[in-house]
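Listed here are the chains, written in short residue letters.
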Amino acid sequence: MDSRQLEMMLQFCKAMADESRLKIIGLLSTAEHSVQQLAAILELKEPTVSHHLGILKQLDLVRLRADGNFRWYRLNEEVLGQISRTVFSRDNIARLATSAGARSSERKILDNFVDGERLREIPVSYKKRLTILKWLVGFFEPGISYTESQVNAILKLHHHDCATIRREMIGCGMLSRDKGIYHRRPESSMADGR
């Protein structure tokens, strides 16, 4: 699931986490309604209904049709179906669990080896070391050129053995080195393991 889909899922869940908005969606799925009609049916004030409709409109879940002084709202079934198919597919839901588990294990490793911004020790386990290296490469900006002394200065802020860490980052494909100039490699070219 990409970040756009995750954001859409979060916004949809936030919008649907309100009983009044759920009822509005239910009513609009059966027929067009005006703010006045929705307010009367739901026993809410018109500004409250307008507020809820505004939130639903941000997700493009409702469509507006002007007719003189009246504004008629209806459910945008196409967008609802699209969200359902793309964001809430079985595969995307499964990816959420997988990525949450991965973040959780990475967080545990970082908690065990990092104190604030300082690395206590370089892990012996390759998997743990890779997590630490991914954390450290985050201190380098993509598209920026670094001299070896600049790389060392950044790494020394986090651990005294900057030479070992620098070599490991190059070996894992996180940093590239050409004629003494270092660059952070794109995420897609970084090694996931050996």
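Quick note: structure is the one above.
Being a predicted model, the structure only gives us computed values, none of them experimental. Every chain's residues receive numbers from 1 upward, in the order its sequence appears when written. Only residues with pLDDT of at least 70 are given local features in this predicted model, and only at 80 or more are side-chain atom pairs given and counted; all residues enter the totals for whole chains, interfaces and linings. Heavy atoms from the whole structure form the basis of all side-chain values; hydrogens and water molecules are not counted.

(A) Inspection of the overall build of the protein chain at higher detail. Along its length, the protein chain carries nine helices and eight strands. Each residue's exposure class comes from its accessible area (1.4 Å probe, protein chains only) as a fraction of the maximum for that residue type: buried when under 20%, exposed when over 50%, partly exposed otherwise. The buried share of the protein chain, reckoned over its 194 residues, is 35%. Taking the intrachain contacts of the protein chain between residues at least 6 apart in sequence as the baseline, contacts between residues at least 24 apart amount to 52%. Per-residue accessibility takes into account occlusion by the displayed protein chains alone, with areas from the Shrake-Rupley method and a 1.4 Å probe. Put simply, the protein chain shows about 11900 Å² of open surface, and 51% of that area lies on carbon and sulfur atoms. Only DSSP runs of H or I reaching four residues or more are called helices, and only runs of E reaching two or more are called strands; each is numbered from the N terminus. In this analysis, two residues are considered to be in contact whenever any of their non-hydrogen atoms come within 4.5 Å of each other.

(B) The arrangement of the pairing of strand S8 (residues 181-184) in detail. The two faces of S8 differ: Tyr182 and Arg184 on one face are buried, but Ile181 and His183 on the other face are not. We treat two strands as partners when DSSP finds at least two bridges between them. In this structure, strand S6 (residues 146-147) lies alongside S8, joined through two bridges in antiparallel fashion. By the bridge assignment for S8, Tyr146 is matched with Tyr182. In this sheet, S8 lies alongside strand S7 (residues 175-178) in antiparallel orientation, the contact comprising four bridges. Paired with Arg177 across the bridge in S8 is Tyr182. From the end of S7 to the start of S8, which pair antiparallel, there are two residues, and Lys179 there has a positive phi angle of about 55°.

(C) Highlighting the sheet that holds strand S2 (residues 62-67). Read across the sheet, three strands follow the order S1-S3-S2 without closing on themselves; strand pairing throughout is antiparallel. Pairing within the sheet leaves two strands with one partner each, and these edge strands are strand S1 (33-34) and S2.

(D) Local environment of the nonpolar core. In this description, a nonpolar core means a group of buried Ala, Val, Leu, Ile, Met, Phe, Trp, Tyr and Cys residues linked to one another through side-chain atoms lying within 4.5 Å. Counting residues in hydrophobic clusters, the biggest one holds 24 residues, and the most contacted among them are Ile132, Phe140 and Met169. When residues of this core are traced back to their parent elements, those giving at least two are helix H6 (90-113), helix H7 (126-137), helix H8 (148-156) and helix H9 (162-171). Beyond its immediate sequence surroundings of up to four residues, Phe140 is in contact with Tyr146, Val151, Ile154, Leu155, Met169, Leu175 and Arg184. Met9, Met16, Ile25 and Val62 belong to the second-largest nonpolar core, a separate cluster that totals 23 residues.

(E) Structural detail: the environment of Glu78. If you trace the backbone, Glu78 turns up in helix H5 (residues 77-86). Relative accessible area serves as the criterion here: at 64%, Glu78 is assigned to the exposed category. Separated by 17 residues in the primary sequence, Glu78 and Leu61 place their C-alpha atoms 8.6 Å from one another.

(F) Quick look at the sheet that holds S8. Spatially, three strands are ordered S6-S8-S7 in an open sheet, and the strand pairing comes out antiparallel. Two strands bound the open sheet, and with one partner strand each, they are S6 and S7.

(G) Quick peek at unusual backbone geometry. Positive phi values are uncommon outside glycine, yet Glu43 reaches one of about 55°. Turning to its location among the elements, Glu43 is positioned in the loop between helix H3 (35-42) and helix H4 (46-58). Residue Lys179 is not a glycine yet carries a positive backbone phi of 55°. Among the secondary structure elements, Lys179 is positioned in the loop between S7 and S8. Note on Lys179: relative accessible area 79%, which makes it exposed.

(H) A look at the packing of H8 against H9. The contact between H8 and H9 brings their axes to 9 Å, and the two run at 110°. Between H8 and H9, the angle is such that the two are roughly perpendicular. Crossing geometry of H8 relative to H9 is assigned as right-handed. Packed against H8, whose contacting residues are Glu148, Val151, Asn152, Leu155 and Lys156, the element H9 presents Cys162, Ile165, Arg166 and Met169 at the interface. Lys, Arg, Asp and Glu make up the charged group, whereas Ala, Val, Leu, Ile, Met, Phe, Trp, Tyr, Cys and Pro make up the nonpolar group; the residues left over, Gly among them, are polar. Considering only residue class, the contact of H8 with H9 consists of five nonpolar, one polar and three charged. The convention used is that axes are lines fitted to C-alpha atoms, helices contributing only their stretch in contact, and that angles between N-to-C directions extend from 0 to 180 degrees. Roughly parallel refers to an angle under 35 degrees, roughly antiparallel to one over 145, roughly perpendicular to one between 65 and 115, and oblique to any angle outside these ranges. By definition, any crossing whose near helix is turned counterclockwise from its far helix by less than a right angle is left-handed, and any crossing with a clockwise turn is right-handed.

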